[in-house]
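Each chain, written out:
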Amino acid sequence: GAGMSVAHNTSSRQLGFVYVSGFQMRFVTSSLRDPLWNALPTSTAIAPVFATSGTGYVTVTTTISDTETDEATLLVDYSVNGGTTWASTTLASASATTGSVTAATGQVSGISTASANSLTFVWDSKADGVTATTTAMIRVGGYDSYGGTVLYRQSAAFTVDNVPLSGPAAQSVSVGTSTATFTWSDVTDASSYTVSSTAGAASTTLSSVTTTSYVDLSPNTLYSFQVRSTDAYGNTSTFSSVSSTYT
């Protein structure tokens, strides 16, 4: 006799319908997928790296996979209160090893998962108003067009420092007939100083010192000096006022 049975194709998470009529059997699949059966994209652990260039950029790399090879979207949020509340990130850029992706507020879309795909995105913490020295966290969660509950993976806490340094408060120049020594006060948290001068090189960057000397200068000549400070994260002060003197 004729009959009908319904089967669930669990390997592809698609519905299958089997019809039996006499000696003939037909199998038809549907493009429908129940969100409860959908396998969402996964990501590997993330370790955000805060830039040392003064940009406020935070770079994150993770690998996206999907057992059903669906095109994926990765949600990207940040928190500055230990994960109590989260906000969508402003992303400066995003790129993947395979294929092109699109970065928008709080997400990276168009991620190919034909194979495990390494994804790198950059959070612009300054654009999101993180202007103090604080502890931040990032979380990511993948989803695709078939739905399901997003499961987030979050990073450990890391330091964000977007605070400009103060410049050296005091400076002096001592001179000889053909020499000059420029000295300035130390700045807390400074890791280097950049001296701008009309004596010798126009700009010189020095680490962990507060003085620099110049020789072979022309006698009875006016020279000018100024300095700015930079911290380990690339935040800089403005240049100090100009100190000028004759040899």
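Residue numbers run consecutively from 1 along every chain, following the written order of its sequence. Local features in this predicted model are restricted to residues of pLDDT 70 or higher, and side-chain atom pairs are both shown and tallied only at a pLDDT of 80 or more, whereas totals for entire chains, interfaces and linings draw on every residue. Processing note: side-chain calculations cover all non-hydrogen atoms of the structure and skip hydrogens and water entirely.

Peer 1: Let's hear about the layout of surface pockets: which residues, and what values?
Peer 2: Roughly 170 Å³ of internal volume is contained in the largest pocket. Points on a 1 Å grid over protein atoms alone make up a cavity when a 1.4 Å probe fits among them but cannot get out, and a pocket when they form an open set with protein on both sides within 12 Å along at least five of seven lines; lining residues each have an atom within 4 Å of a point. What lines the largest pocket is simply L40, P41, T42, S43, V140, G141, G142, T149, L151, Y152 and R153. Among the elements of the structure, β4 (42-43), β13 (133-143) and β14 (152-154) are those that each provide at least two residues to the lining of the largest pocket. Labels follow the DSSP assignment, with helices taken as runs of H or I lasting at least four residues and strands as runs of E lasting at least two, numbered in each case from the N terminus. Per element, the largest residue contribution to the lining of the largest pocket is three residues, and it comes from β13. Classification used: nonpolar for Ala, Val, Leu, Ile, Met, Phe, Trp, Tyr, Cys and Pro, charged for Asp, Glu, Lys and Arg, polar for all others including Gly. By residue class, the composition of the lining of the largest pocket is five nonpolar, five polar and one charged. Grid points are joined across faces, edges and corners, and a volume is the space filled by probe spheres set on the points.

Peer 1: Provide a residue-level description of the nonpolar core, including the pertinent values.
Peer 2: Ranked by size, the top nonpolar core spans 24 residues in total, and within it L74, V108, I111, L119, F121, W123 and I138 carry the most contacts. When residues of this core are traced back to their parent elements, those giving at least two are β6 (57-65), β7 (72-79), β9 (91-96), β11 (107-111), β12 (117-124), β13 and β15 (158-161). Within the second largest apolar cluster, 13 residues are counted, among which are A180, F182, L206 and V227. Nonpolar core, defined: a set of buried Ala, Val, Leu, Ile, Met, Phe, Trp, Tyr and Cys residues in which side-chain atoms within 4.5 Å join the residues together. For every residue, the accessible area obtained with a 1.4 Å probe (protein chains only) is divided by the maximum for its type, and the residue is called buried under 20%, exposed over 50%, and partly exposed between those limits.

Peer 1: Account for the sheet that holds strand β22 (residues 243-246), naming residues and giving values.
Peer 2: If you walk across this open sheet you meet the four strands as β19-β18-β21-β22, and the pairing is antiparallel. Every other strand in the sheet has two partners, leaving β19 (203-207) and β22 as the edge strands with one partner each. With strand direction ignored, the average angle separating the axes of adjacent strands in the sheet is 25°. A strand pair is defined by DSSP finding two or more bridges across the two strands. As defined by bridge partners, strand β18 (residues 190-197) adjoins strand β21 (residues 222-231) across seven bridges and the pair is classed as antiparallel. Across the sheet, the residue bridging to S192 is T230, located in β21. Helix axes are fitted to C-alpha atoms over the stretch in contact, other axes to C-alpha atoms as well, and angles between N-to-C directions run from 0 to 180 degrees.

Peer 1: Run through the pairing of β6, naming residues and quoting values.
Peer 2: Residue alternation in β6 divides its side chains into a buried set, V58, V60, T62 and I64, and an unburied set, Y57, T59, T61, T63 and S65. Pairing of β4 with β6, which is carried by two bridges, proceeds in the antiparallel orientation. What sits directly across from T42, in β6, is S65. Two strands pair when backbone bridges link them, and strand β5 (residues 49-50) and β6 are joined in this way by two bridges, in the antiparallel orientation. Among the inter-strand pairings, F50 is bridged to a residue of β6, identified as V58. In this structure, β6 lies alongside β12, joined through eight bridges in antiparallel fashion. Its bridge partner being in β12, T62 is matched across the sheet by L119.

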